[in-house]
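Now for the letters of each chain:
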Amino acid sequence: MKPLPALLAATLLMSTSIPSTLAATQATPPDVAKKPHVVTAPFGAQRQDEYYWLRDDTRTNPQMLDYLKAENAYADAVLAPLKPLQDTLYKEIVARIKQDDASVPYRERGYWYYTRFETGKDYPVHARRKGSMEAPEEVMLDVNALADGKGYYSVGTWDVSQDNRLLAYADDAVGRRQYTIRFKDLSTGQVLPDQIPGVSPDVVWADDNKTLFYVENDPETLLTVRVKKHVLGTPVAQDTLVYEEHDDSFYMGLGRTRDDKYITIGVHSTVSSEERYAPAADPQAFTVLAPRARDVEYDADHFDGRWVIRTNADGATNFKIVTAADGATARKDWKDWIAHSDSVYIDGFELFDGFTAIGERSEGLERIRLLGKDGKSSYVQADEPAYSMGLDANPEHDTPWLRYSYTSLTTPATTYELNTVTGERRLLKQQPVLGYDPAKYTTERLWVTARDGTKVPVSLVYKKGFKKDGTAALLQYGYGSYGMSMDPGFSGPVVSLLDRGMVYAIAHIRGGEEMGRAWYDNGKLLKKKNTFTDFIDVTEALVKQGYAAKDRVAAMGGSAGGLLMGAITNMAPDDYRVIISQVPFVDVVTTMLDPSIPLTTNEYDEWGNPEKREFYDYIVTYSPYDNLKKRAYPAMFVGTGLWDSQVQYWEPAKYVARLRDLDTGKQPVVFRTNMEAGHGGKSGRFRRYQEMSEYYAFMLDQLGVTQQH
């Protein structure tokens, strides 16, 4: 890393080489009080957290709210000169959207289900037709009507009873992901009086069409803690407790098996899982399929008289598939079916009468393997060097047709149907993108050698005619946590960047699972810094290879990707002109020392538990809040939601406050708090693009990119 004087010189050079519309802005950043506060670890280590007081679990502290409002007012003032560019971007993005669009219908129990949008409206309409798509439409939920007058609204899930008559759905009007279950009689359109608050968006009907299983959240930690059973028409206070999870490192979910024979309760942590099942016809007692064990994960489905289980047991790091007979209660009952491979990661499967579809990852790309009853395998073909492919909605098992999705950085989301007997492929739908011609753009897959010799895959897209001469602007995106893979998929808004001559890159860094389970394991716990150095090494390689100018690189990430943004900003501030950081997890130590904060205890096997000295000492070396120093930083746009339940608003608030104290540079720092939203930002398909247009305009201005090519 460069010494401070050289860093300052580099930053001054950077700030003068690209003129910014915001350079003359006279607004003064907000100042906020420092209040001494010591955070002490159980073993005695102490850290000063002068902005700890900004935390308010009730979201009512007037001083705290005044500070957030002052930051919003400052953001308004700083960004005012960019309003014309923001409006232009918003119009471009929205103009590409077919406003009266609809999803591909799928058939289940005699009905065709689909979601459609109406012109000018923000929210979907969930509907169905009986027998065929020519039958009269039945509107199950008009989310526009439900959201009317609300600053935020989301339907998290819905489920139709087995007799097709009743609908259960879970909605959230705050953005905190604390849902309320409601019921509707689809035969009459009547909303029933039963309401179940404080739950996760996870519901399953029993076969009697009056009993619903749901998951109750802890009101403080928001952890999924109890499965309960509600009988329609009875008081919620009398709902029966079915299962309670006492280990707060586990999440919980409900499901139905492929053959509809069983209702399942699945619990899983970062490194372990356990499944229970009960007959859907009479779900009185749940049987454990196999007791949990540390470092053993599994998920199961039931079909054709047997259990089919994906697991990493017995050293199957990249997972294998085993089977077990009805009545199985332990791992000793499992029999290997599809073997483990060191080079192929098994992501999931779908069971059909005549074949099994297996989602796999190999060489950083997704693929689907078709395994016939005769044991022969074949692969679904892809047409591009970098793409994303996955299993789509396949609710019916008695068909030779497999529905799957396909997309790339140049190909809009596409739904295909493949006949596994004849090989015929049908294009069911490609997401309409108005005014877009994929032939004008090029996608590439590169491999960058990281500092420890590891080869990191990178997906790129740019407009044809682009010259690799080291002058272009680049936006590099990354995530790299929880084993979540950031596969190359089409983004309509990104087209506005490409049309201005920019390059867009996704760095498939360690911490995801693009290259298999080891890719994840080598980017978490005491190897977490690999995530950050991979991202930096990709940036430097792309600049060196001429994809971008050194002073025209932007980086973007959100949530755990916001941690990535904070880390790279501290580790390599002179590599980036501008950072876009959404709902960033930037105060890792303080949050992970507090089990009362939602989701903390579930994260110990991801980041490490800092109550233990080894993990504390490691985390404190990269936690963005703890590593801010007196030096020049890139321009930054930091966004959060007041009601965020996953990364609490006070993390970015504290981070920006301390950053303002220490930043010696001249680049603007903008902090935007959505006072009506949570982790996902504003609800509604158009309002989120208003937010995006704002930070895109900020980024483009900093990079000196404003005009379309």
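Rules used throughout
Residues numbered from 1 in each chain as written. Predicted model: local features only at pLDDT ≥ 70, side-chain atom pairs only at ≥ 80, totals over all residues. Heavy atoms only, no water. Helix = DSSP H or I, 4+ residues; strand = E, 2+ residues; numbered from the N terminus. Contact = heavy atoms within 4.5 Å. Polar contact = N/O pair within 3.5 Å; in protein donor to acceptor, adjacent residues only side chain to side chain. UniProt positions renumbered as here; feature names shortened; annotations may be inferred. Core = buried A, V, L, I, M, F, W, Y, C linked by side-chain atoms within 4.5 Å. Buried < 20%, exposed > 50% of the residue type's maximum accessible area, 1.4 Å probe, protein only. Pairing = 2+ DSSP bridges. Salt bridge = Lys/Arg side-chain N within 4 Å of Asp/Glu carboxyl O. Axes fitted to C-alpha atoms, helices over the stretch in contact; angles between N-to-C directions. Expected span 1.5 Å × (residues − 1). Parallel < 35°, antiparallel > 145°, perpendicular 65-115°, else oblique. Left-handed = near helix turned anticlockwise from the far one by under 90°. Nonpolar A, V, L, I, M, F, W, Y, C, P; charged D, E, K, R; others polar. 1 Å grid on protein atoms, 1.4 Å probe; cavity = no way out; pocket = protein on both sides within 12 Å on 5 of 7 lines; lining within 4 Å. Points joined across faces, edges and corners; volume = space filled by probe spheres on them.

Undergrad: Can you lay out the environment of Ser273 for me, pointing to particular residues and giving the numbers?
TA: Structurally, the position occupied by Ser273 is in strand β16 (residues 273–279). Along the sequence, Ser273 and Thr600 sit 327 residues apart, while their C-alpha atoms lie 18 Å from each other. Residues in contact with Ser273, not counting those within four places in the same chain, are Phe250, Val267, His268, Arg292, Val296, Glu297 and Tyr298. Within polar-contact distance, the side chain of Ser273 engages the backbone nitrogen of Tyr298 at 2.6 Å.

Undergrad: Go over the UniProt feature "domain: Peptidase S9A N-terminal" (unreviewed entry) in the chain with me, naming the residues and quoting the values.
TA: Within this numbering scheme, the UniProt entry marks residues 30–431 as carrying the feature "domain: Peptidase S9A N-terminal" (unreviewed entry). The annotated region residues 30–431 carries 9% helix and 45% strand content, and the separation between its end C-alpha atoms amounts to 43 Å.

Undergrad: So what's going on with the nonpolar core? Residues and values would help.
TA: Within the largest apolar cluster, 119 residues are counted, with the highest numbers of intra-cluster contacts made by Met502, Tyr504, Phe535, Ile568 and Met699. Excluding its chain neighbours within four sequence positions, the residues that come into contact with Tyr504 are Leu409, Ser459, Leu460, Val461, Leu475, Tyr477, Val494 and Leu498. Within the second largest apolar cluster, 15 residues are counted, among which are Val204, Ala206, Val267 and Ala278.

Undergrad: With reference to specific residues and values, describe the pairing of strand β29 (residues 425–430).
TA: Here strand β28 (residues 414–419) pairs with β29 via five bridges, running antiparallel. The residue of β29 that forms the bridge with Thr414 is Gln430. In textbook terms, the turn of a hairpin is the stretch between consecutive antiparallel strands, and for β28 and β29 this stretch comprises five residues, one of which, Gly423, has a positive phi near 85 degrees.

Undergrad: Residues and numbers for the pattern of salt bridges, please.
TA: Scanning the entire structure with this criterion turns up 61 salt bridges. Between Asp333 and Lys332 there is a salt bridge, and its shortest N-O distance comes to 3.3 Å. The class of Asp333 is partly exposed, set by a relative accessible area of 25%. Accessibility expressed as a relative area gives 70% for Lys332, which makes it exposed. Among the ionic contacts, a cluster of salt bridges with common partners joins Arg47, Asp49, Asp587, Asp626 and Lys654.

Undergrad: Could you give an account of the sheet that holds strand β7 (residues 154–160), with specific residues and numbers?
TA: Strand order across the open sheet formed by seven strands is β7-β8-β9-β10-β11-β12-β13, with antiparallel pairing between neighbours. The open sheet has two edge strands with one neighbour each: β7 and β13 (240–244). The sheet shows a mean angle of 35 degrees between the axes of neighbouring strands, taken without regard to direction. Pairing of β7 with strand β8 (residues 166–172), which is carried by six bridges, proceeds in the antiparallel orientation. Bridge pairing links Asp159 to Ala168 in β8.

Undergrad: So what's going on with unusual backbone geometry? Which residues, and what values?
TA: For Asn164, which is not glycine, the phi torsion reads 70 degrees and is therefore positive. By the element assignment, Asn164 lies in the loop between β7 and β8. Taking relative accessible area as the criterion, Asn164 reaches 13% and is therefore assigned buried.

Undergrad: Which residues make up helix α8 (residues 560–571), and what values do they have?
TA: Compared with an ideal rise of 1.5 Å per residue, which puts 12 residues at 16 Å, α8 spans 17 Å between its outermost C-alpha atoms and is within 8% of the ideal. For α8, the buried fraction is high: 11 of the 12 residues fall into the buried class. Regarding α8, the residues found buried are Ala560, Gly561, Gly562, Leu563, Leu564, Met565, Gly566, Ala567, Ile568, Thr569 and Asn570.

Undergrad: Before we move on, can you summarise the packing of helix α3 (residues 83–95) against helix α13 (residues 687–703) with the specific residues and values?
TA: Taken N-terminus to C-terminus, the directions of α3 and α13 make an angle of 130 degrees; their axes are 8 Å apart at the nearest point. On the basis of the axis angle, α3 is oblique to α13. In this structure, α3 meets α13 at a crossing whose hand is right-handed. Between α3 and α13, the residues in contact are Leu85, Gln86, Leu89, Tyr90 and Ile93 and Tyr689, Gln690, Ser693, Glu694, Tyr696, Ala697 and Leu700, respectively. Taken together, the residues that form the contact of α3 with α13 break down as eight nonpolar, three polar and one charged.

Undergrad: Please provide a residue-by-residue account of the sheet that holds strand β24 (residues 365–372), values included.
TA: Two orientations exist for strands paired in a sheet by backbone hydrogen bonds: parallel and antiparallel. As summarised here, the arrangement of the four strands in space is β22-β23-β24-β25, forming an open sheet in which the pairing is antiparallel. Two strands lie at the open edges of the sheet, namely β22 (345–351) and β25 (377–379), each paired on one side alone. Along the sheet, successive strands turn relative to each other by an average axial angle of 25 degrees, direction set aside. By the bridge criterion, three bridges tie β24 to β25 in an arrangement that is antiparallel. Directly across from Leu371, in β25, lies its bridge partner Ser377.

Undergrad: Could you give an account of the layout of surface pockets, naming the residues involved and the relevant values?
TA: Taken as a whole, the second largest pocket encloses approximately 990 Å³ of empty space. Every residue lining the second largest pocket is counted, 31 residues in all, and those nearest its centre are Glu108, Asp159, Arg256, Asp260 and Pro395. Breaking the lining of the second largest pocket down by element, the ones donating at least two residues are β3 (106–108), β7, β10 (190–205), β14 (251–256) and β18 (298–303). By residue class, the composition of the lining of the second largest pocket is 11 nonpolar, seven polar and 13 charged.

Undergrad: I'd like a rundown of the packing of helix α2 (residues 62–79) against helix α12 (residues 650–662), residues and numbers included.
TA: Viewed as axis vectors pointing N to C, α2 and α12 meet at an angle of 65 degrees, and their least axial separation amounts to 12 Å. The hand of the α2/α12 crossing is left-handed. On the side of α2, the interface is formed by Tyr67, Leu68, Glu71 and Tyr74, while α12 contributes Ala653, Val656, Ala657 and Arg660.

Undergrad: So what's going on with the environment of Leu85? Which residues, and what values?
TA: Relative to the elements of secondary structure, Leu85 occurs in helix α3. Taking relative accessible area as the criterion, Leu85 reaches 13% and is therefore assigned buried. Sequence spacing of Leu85 and Asp374 is 289 residues, and the spatial spacing of their C-alpha atoms is 59 Å. Leaving out residues up to four positions away in the same chain, Leu85 has contacts with Arg500, Ala697, Leu700 and Thr706.

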